[in-house]
Amino acid sequence: MTSDAGGRKGHAAGHRADRQDPDAGRERDGRNLGRGDEGAMATRLDSEDRRILRVMSRSTAWSAATSLPLQLPVDADVRHPLGFMLRGGIGIVTGGIGTAIDWANDSFLTMSGYSREDIATGRLDWATLTPADWHDEDRRRLAVSRTTGFAVVYQKQLWRADGSRMPVLFGYTLDAGPPTAFVVDLTAATSAAPRTDAEAHHARFFEISHVAFWTADAQGRMIFSSRRIAERLGTDVALDDEAAQAELIHPDDRALAVSTWQHAIASGMAYDLEVRARGLDGAPYRWTRLRASPDHDAHGRVVGWYGTSEDVHDRHLAGIALAESEMRFKRLVDDMPVMVWLTDADNQTTYMSRRWYEFTGQTEAQAMGLGWVDAILPEDRPRLAPIRRMIRAGRPFELDFRVRRADGEARWVMSAGLPRFGPDGSIIGYAGSLTDIHARKIAEREVATMQMRLARALDGTGVGVWEWDSVSDTVVISGGALAISGFRNLDVDYQPIDYRGAIHPGDRPRLLAAMDDYVAGRSKEFAVEMRVRTSDRGWVWVLDRGTATARDADGRATHMVGTLTNIDQGKRAQAELEWAVDHDALTGLANRTLFRRRLDEAVAHGRCALALLDIDDFKAVNDVCGHGTGDALLRMLAERLSAFAGPGETVARLGGDEFTLIIPDCGDAVGLLARLDTLRRELDAPFDHDGYLLSCRSSIGIAIAPDHGDDASTLLKSADIAMYSAKHARRGGVALFEPMLGERVRHEASRLVALREALDAGTIEPCYESIVRLSDGALAGFEAVAHIPGDSIVDTHDSIVIGDAAVAIRLGELLLDRVLEDFAGWRAAGFAPEFVSINVALPELRRAGFAQRLLGRLAAYGIPPTCLRIEILDAGLNGGRGADRAEATIDELSRNGVRVGIDRFGAAAASLSHLTRLRLAAIKVDAQFVAGVATPGSEQTVVRAVIGLAQSFDLNSVALGVETAVQAAKLKDLGCMFAQGPLYGAPRDAAATLAALRAD
């Protein structure tokens, strides 16, 4: 404690000596005292301070700490960091961080508030001295020091004895004997710096400001002036030399400046004055703005003055130039033939040129604000409403109205205005002009009168008149022309219109191009058919014709007149006719003509696909529900097909229930099949119509060009064969044409195509196959079949017909008429057989009224019903759709004498209940069993059983496909009554059949 006290006493004495003689302090300590000078300093230190000095002189932590720019207390001796430390500026602590503290100097105990007793008793250690939030940082810094061997210096915080935190600069080293820490209290530095910074900021602002500042006492004597005052007036002028300062003011302004200042001192009132002043260097006078304001105490007494001096010379000259510019502008405007006006942001008139006052006789006082409106005729003042709206919207405007001239005459004028904008982009008023257009108005009225007379003459002919001017690029149109467009409620004879906006967007480019060619002289005629908008937002077709009435020196038309003729009715009729040529009237789809054209285009373009769709059993829908329902089904399918088709794809109806879909750029076959199978499912979805829940199944055949045909005809045939394949495989399917289709399928598909073509061409002829009575071998009758050109025989029970109800019905109706016609001829010739049989397809039996139509035809030809036998396939009667109607038809025919038999009995899943439930007359044994009848076996057993059933139910039995006499003999032995087949000759046409009858 003694040495510490002695150290503090020596420090105090040395500090007082420095204050009394600063130069002596500098000589004693020296600003450049280094580590080699500690011997001289050590003469003033006790032994403990010497030990500390030695530690610090070798410490890298101290070297780092003393190089930092610290803000130290103002009374500290900082001429050498060692002197500052020895005089109590830096605290020193020994002892490892994280452990007990061994020793601390007085500076540290003073700044921290602890005592040596706290160290001796162990109450003060690093754990209690350091806040917990600094422990991790201390350990990290210590680890760095131990690893690198370098000292660490950083800012941190320590706890004071009173519980407050102390910001410090902390240095720590391990290279000078015991672990030693150096601590500098930064509290004073952190609190004093902001005040010093603020004062420096204000001083800097005074230095850089272009305004000179000064202060004076209550009597006006200068106390302070900024650097700008000295720069302007010169350093030779004293602050309190008012006479010298007055000499710097221009003689013309000097008296005013002095009197203004004296009045301010006497009255205590602020002043603001602009005078011309110069400096002592003889520079030219410059306009200067002088301002002063008094400073009052709490009682309102003036205790001083604050003032500024500001150079406003450039601004003053600019104001003079602006005034001269405004004068020149006013003279120029006054000499203009138009009247010029200005308004402010509130739409109040602030300026009218001289021409207005001469024109109206108003004075300036009368015209300002809104007074100029008084010169407008009262009946024209409502016409100003558009101007007000345009001004509120900040838009330019033009408007004409009448003004009462000074001599009392009312004259037409046009007012045009443009918004004026301020530096920030806001509108600060309007500028505009008023032009006397009275002569033009009179001329326009005369022209309008002539045009009205012409227009009225043309209106009676349904032709409207228009006029175009190149300058305004506007079209004026007559009332008749407006009426053509549907604007019949206009009370004017001529009306300007936005002709571009009135034209249909699809026709606008064509019209503008034609007009541009005519105006430029590239075409000799201007005539365009186009659509123009009507008052109900619709469109009407017009013929627009025009001719140039004036051209400029370059040959460009500058004025045109023309006519508009309503051609809407003719255009619509033409469009309807063109549409009807290429479209199906029922569904609105492309018809066969347009389909063929589109298919040719698609095939010529490259890879494409053709899908051919057919509705299974569509004819039954017509028969059961009526043609209205059938038409509704077709329209619904057309809508679904159209919705399914993609861009560039064509949906067409070829006729009946056949539809097509042309798919350009069809992609691969796998994706195509998947997509069209989706279409099939969408088409098969049921829909409701007038209480009927209608559904259908569609079969779709697909052919791809050029793989399956490189022309439209071949591609269509391939798609037809693929569709037949889909029907044959399973009704309601999708099939892709394949060159390697089974011969049977390809053959039958080809036969079906040939049959359809023959039906369309009307080239089918009936042929007759002989039926003989086995008991005596006599000719008993014939079965009628159809002969297709190319020596092909087919009937309604043929497999190619069963899958196509429409074909079956068409074939059945054709055969029935031709067979009855032939049979009636044979009867008339006296050679009629006992009967003729004809196959009837199940769709025909399901049709409403089939029995009545058949009986009516028999009566028309005079043929007894017993002479006709119809044959059916019983597979279609097994509970299928329409089976009840078919059974009712069979019953009605049987009751009226027509014999009904079952064809090919046993070939399919026949139901024995048909033999008990239906009024039947015969059953026919299928040829596949007859082929083996001569040999004991299963076929013979089946034939015997079928003949036995016929006998049991009292039915005639007929064997099909008899080829040999052995088969005929065996059938006779088994009790079969009739036979037909190759053994008795091939089918013959009507003439050959008559010859056979004659020969029999």
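Residues numbered from 1 in each chain as written. Predicted model: local features only at pLDDT ≥ 70, side-chain atom pairs only at ≥ 80, totals over all residues. Heavy atoms only, no water.

Novice: Sorry, what's going on with the overall build of the protein chain here?
Specialist: Scanning the protein chain from N- to C-terminus turns up 38 helices and 37 strands. Long-range contacts, defined here as pairs at least 24 residues apart, represent 55% of the contacts in the protein chain between residues at least 6 apart. On the protein chain, roughly 49,800 Å² of surface is accessible, and the fraction owed to carbon and sulfur atoms is 54%. (Helix = DSSP H or I, 4+ residues; strand = E, 2+ residues; numbered from the N terminus. Contact = heavy atoms within 4.5 Å. Areas by Shrake-Rupley, 256 points an atom, 1.4 Å probe, with all protein chains shown as cover.)

Novice: Is there a simple way to explain the environment of Arg 607 in this structure?
Specialist: Its place among the elements puts Arg 607 in the loop between helix H23 (592–605) and strand S22 (608–616). Ignoring anything within four residues of it in the chain, the contact list for Arg 607 reads Pro 664, Asp 665, Cys 666, Gly 667, Asp 668, Ile 704, Ala 705, Pro 706 and Asp 707. A polar side-chain atom of Arg 607 sits 3.2 Å from the main-chain carbonyl oxygen of Gly 667. (Polar contact = N/O pair within 3.5 Å; in protein donor to acceptor, adjacent residues only side chain to side chain.)

Novice: Explain helix H36 (residues 938–952) here, please?
Specialist: An α-helical turn contains 3.6 residues, so a residue and the one three or four places further along point in the same direction. An ideal rise of 1.5 Å per residue puts 21 Å on 15 residues; H36 measures up with 21 Å between its terminal C-alpha atoms. If you check which residues of H36 are buried, you get Gln 940, Val 943, Val 946, Ile 947 and Ala 950. Buried residues of H36, seen end-on, are gathered within an arc of 130 degrees and therefore sit on one face of the element. Exposed and facing more than 90 degrees away from the buried side of H36 are Ser 938 and Ser 952. Check the buried side of H36 and you find it contacts strand S34 (899–905), strand S35 (922–925), helix H35 (927–930), strand S36 (956–959) and helix H37 (965–973). Just past H36, the residue Asp 954 takes up positive phi, approximately 60 degrees. (Expected span 1.5 Å × (residues − 1). Buried < 20%, exposed > 50% of the residue type's maximum accessible area, 1.4 Å probe, protein only. Arc of directions from axis to C-beta.)

Novice: What should I look at first to understand the environment of Val 943 in this one?
Specialist: When you line up the elements, Val 943 lands in helix H36. Overall, the relative accessible area of 0% leaves Val 943 in the buried class. Between the alpha carbons of Val 943 and Leu 971 there is a distance of 8.3 Å; along the sequence they are 28 residues apart. Beyond its immediate sequence surroundings of up to four residues, Val 943 is in contact with Val 925, Phe 929, Val 930, Val 933, Leu 971 and Leu 974.

Novice: When you look at the sheet that holds S22 in this model, what are you seeing that I'm missing?
Specialist: Within a beta sheet, neighbouring strands are joined by backbone hydrogen bonds and run either parallel or antiparallel to one another. Taken together, the five strands give an open sheet; going across it, the order is S23-S24-S22-S27-S28, and neighbouring strands pair in mixed fashion. Of all strands in the sheet, those bounded by a partner on one side alone are strand S23 (650–655) and strand S28 (734–736). With strand direction ignored, the average angle separating the axes of adjacent strands in the sheet is 20 degrees. With seven bridges connecting them, S22 and strand S24 (residues 658–664) associate as antiparallel partners. When the sheet's bridge partners are listed, Ala 611 is paired in S24 with Leu 661. Sheet strands touched by helix H26 (residues 669–684): S22, S24, strand S27 (697–705) and S28. Its angle to S27, the strand with the most contacts, is close to 155 degrees. (Pairing = 2+ DSSP bridges. Axes fitted to C-alpha atoms, helices over the stretch in contact; angles between N-to-C directions.)

Novice: Just to check I follow, could you spell out the packing of aromatic side chains for this structure?
Specialist: The description of an aromatic ring pair rests on the distance of the ring centres and on the angle between the ring planes. Here the structure, examined in full by the defined rule, presents 13 aromatic pairs. Ring geometry for Tyr 518 versus Phe 526: centroids 6.3 Å apart, planes at 40 degrees, classification tilted. Neither residue differs from the other here; Tyr 518 and Phe 526 are each classed as buried. Between Phe 782 and Trp 826 the ring centres are 5.9 Å apart and the planes differ by 55 degrees, which places this aromatic pair in the tilted class. Of this pair, Phe 782 sits in strand S30 (residues 779–788) while Trp 826 sits in helix H30 (residues 805–829), and the two are 44 residues apart along the sequence. Trp 826 shares its class with Phe 782; the two are buried. Three or more aromatic residues joined by ring pairs form one cluster here, namely Trp 214, Trp 261, Tyr 271 and Trp 305. Residue placement shows Arg 551 over the ring face of Tyr 518; its charged tip is 5.2 Å from the ring centre. (Phe/Tyr/Trp six-rings, centres within 6.5 Å; stacked < 30°, edge-to-face > 60°. Lys NZ or Arg CZ within 6 Å of the ring centre and 35° of its normal.)

Novice: What exactly am I supposed to notice about the pattern of salt bridges here?
Specialist: Between side chains of opposite charge, a pair can form when the charged atoms approach closely. Counting across every chain of the model gives 55 salt bridges. In this structure, Asp 314 and Arg 286 form a salt bridge, with 3.6 Å as the shortest nitrogen-oxygen distance. Of this pair, Asp 314 sits in helix H15 (residues 313–334) while Arg 286 sits in strand S9 (residues 286–296), and the two are 28 residues apart along the sequence. Classification of Asp 314 as exposed rests on a relative accessible area of 56%. Of the charged contacts, one joins Arg 572 and Asp 568 as a salt bridge, the two residues approaching to 2.5 Å between their closest N and O atoms. (Salt bridge = Lys/Arg side-chain N within 4 Å of Asp/Glu carboxyl O.)

Novice: What should I look at first to understand the packing of H30 against helix H32 (residues 850–861) in this one?
Specialist: Between two packed helices, both the angle of their axes relative to each other and the distance between the axes serve to describe the pair. Two elements in contact, H30 and H32, have axes separated by 10 Å at closest approach and are oriented at 25 degrees. Between H30 and H32, the angle falls in the class roughly parallel. The two elements H30 and H32 meet at a crossing, and its hand is right-handed. In contact with Glu 813, Leu 816, Asp 817, Leu 820, Glu 821 and Ala 824 of H30, H32 contributes Leu 854, Arg 857, Leu 858 and Tyr 861. Per-class residue counts for the contact of H30 with H32 are six nonpolar, no polar and four charged. (Parallel < 35°, antiparallel > 145°, perpendicular 65-115°, else oblique. Left-handed = near helix turned anticlockwise from the far one by under 90°. Nonpolar A, V, L, I, M, F, W, Y, C, P; charged D, E, K, R; others polar.)

Novice: Before we go on, may I ask you to explain the packing of H32 against helix H33 (residues 883–895) in this structure?
Specialist: At a minimum axis separation of 9 Å, H32 and H33 run at an interaxial angle of 30 degrees. If you check the angle between H32 and H33, you find them roughly parallel. The way H32 lies across H33 gives a crossing that is right-handed. Judged by residue contacts, Phe 850, Ala 851, Gln 852, Leu 854 and Leu 855 of H32 engage Thr 889, Glu 892 and Leu 893 from H33. The class makeup of the residues in the contact of H32 with H33 is five nonpolar, two polar and one charged.

Novice: Is there a simple way to explain unusual backbone geometry in this structure?
Specialist: Across residues other than glycine, the phi torsion is negative in most instances, and most of the peptide bonds are trans. Residue Pro 706 is reached from Ala 705 by a cis peptide bond, and omega for that bond is 5 degrees. Assignment of secondary structure puts Pro 706 in the loop between S27 and helix H27 (712–729). Phi is positive for Arg 904, close to 55 degrees, though the residue is something other than glycine. Among the structural elements, Arg 904 can be located in strand S34. Residue classification places Arg 904 among the partly exposed residues on the basis of a relative accessible area of 29%. One non-glycine residue with positive phi stands out, namely Asp 954, at about 60 degrees.

Novice: Would you explain helix H21 (residues 508–520) in this entry?
Specialist: An ideal rise of 1.5 Å per residue puts 18 Å on 13 residues; H21 measures up with 18 Å between its terminal C-alpha atoms. What H21 keeps buried is the set Leu 511, Met 515, Tyr 518 and Val 519. Buried positions in H21, seen along its axis, are confined to an arc of 95 degrees and lie on one side of it. Positioned one or two residues after H21, Gly 521 has a phi angle of 90 degrees, which is positive.

Novice: Is there a simple way to think about the pairing of strand S1 (residues 91–94) in this case?
Specialist: Consecutive side chains of a regular strand alternate in pointing toward one face of the sheet and then the other. Both faces of S1 are covered, namely the face carrying Gly 91 and Val 93 and the face carrying Ile 92 and Thr 94. Two strands pair when backbone bridges link them, and S1 and strand S5 (residues 180–185) are joined in this way by four bridges, in the antiparallel orientation. Each bridged residue has a counterpart across the sheet, and for Ile 92 the counterpart in S5 is Phe 182. Relative to strand S2 (residues 103–104), S1 runs antiparallel, the two being bridged by two bridges. Note that in S2 the partner of Val 93 across the bridge is Ala 104.

Novice: What is the right way to read the sheet that holds strand S6 (residues 212–217) from this model?
Specialist: The strand order S7-S6-S10-S9-S8 describes an open sheet built from five strands, whose pairing is antiparallel. Each of the sheet's edge strands pairs with one partner strand only, and the pair in question is strand S7 (222–225) and strand S8 (271–277). The mean angle between the axes of side-by-side strands here comes to 25 degrees, regardless of whether they run parallel or antiparallel. The sheet contact formed by S8 and S9 spans seven bridges and is antiparallel. Across the sheet, residue Ala 277 finds its bridge partner in S9, namely Arg 286. Packed on one face of the sheet, helix H14 (residues 251–267) meets S6, S8, S9 and strand S10 (302–311) and runs near 155 degrees to S8.

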